[in-house]
Amino acid sequence: METVWNCRAELGRSIEEDLIGYAVEARDGSVGPVVRLSPVPGFDHLVVDAGVWKFGRSVVVPAGLVTAVDDDARVIKVGCDKEQIKEAPRFERDQDTGDLFYLRKLGAYYESLAVAPE
């Protein structure tokens, strides 16, 4: 069963591979670099430093939003807009990426967007 937490099958990869440092791009521009990967099995996600447009904050992007990975350019594309990422439940502290209550709330938000591949 595919969820917002699972990489799309057409990518042919998982986020367990070393994507730290890759730039994340939403449909309407740059989000920031990947600084950490998911610590919770079944809730695969990227933690992205969105400091430039999110006032020094990081954001959590579920693996199911990834629409493409360009290893040569070190870029990850996601199938949503920056505003949608900004409106997601706020990532407050490092422990949130391991908090099942937060992850379920975040997953419900992104699933409600019905994100479509590019």
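Each remark here, short or long, concerns the structure printed above.
What you are looking at is a predicted structure, and each value in this text was computed from that prediction instead of being measured. (Residues numbered from 1 in each chain as written. Predicted model: local features only at pLDDT ≥ 70, side-chain atom pairs only at ≥ 80, totals over all residues. Heavy atoms only, no water.)

> Give a detailed account of the sheet that holds strand β4 (residues 58–62), specifying residues and quantitative values.
In space, the six strands of this open sheet follow the order β4-β3-β2-β1-β6-β5, with mixed pairing throughout. Each edge of the open sheet is held by one strand with a lone partner, namely β4 and β5 (66–70). Across this sheet, the average inter-strand angle for adjacent strands is 35°, counted without regard to direction. Running over the sheet, helix α2 (residues 100–112) touches β3 (45–49) and β4 and is turned about 65° from β4. (Pairing = 2+ DSSP bridges. Helix = DSSP H or I, 4+ residues; strand = E, 2+ residues; numbered from the N terminus. Axes fitted to C-alpha atoms, helices over the stretch in contact; angles between N-to-C directions. Contact = heavy atoms within 4.5 Å.)

> Which residues make up the side chain of Thr 97, and what values do they have?
Within the secondary structure, Thr 97 is located in the loop between α1 (82–86) and α2. In terms of polar contacts, Thr 97 uses its side chain to reach the side chain of Arg 36, at 3.5 Å. (Polar contact = N/O pair within 3.5 Å; in protein donor to acceptor, adjacent residues only side chain to side chain.)

> Can you explain the pairing of strand β1 (residues 23–26)? Please cite residues and give values.
Within a regular beta strand, the side chains point alternately toward one face of the sheet and then the other, so they alternate between its two faces. A one-sided burial pattern is seen for β1, the buried positions being Val 24 and Ala 26 and the unburied ones Ala 23 and Glu 25. Where β1 lies against strand β2 (residues 29–37), four bridges are found, and the strand directions are antiparallel. Along β2, the bridge assignment pairs Ala 23 with Pro 33. Connecting the antiparallel pair β1 and β2 is a turn made up of two residues. With three bridges joining them, β1 and strand β6 (residues 75–78) adopt parallel strand pairing. (Buried < 20%, exposed > 50% of the residue type's maximum accessible area, 1.4 Å probe, protein only.)

None of this, on its own, says anything about what the molecule does.
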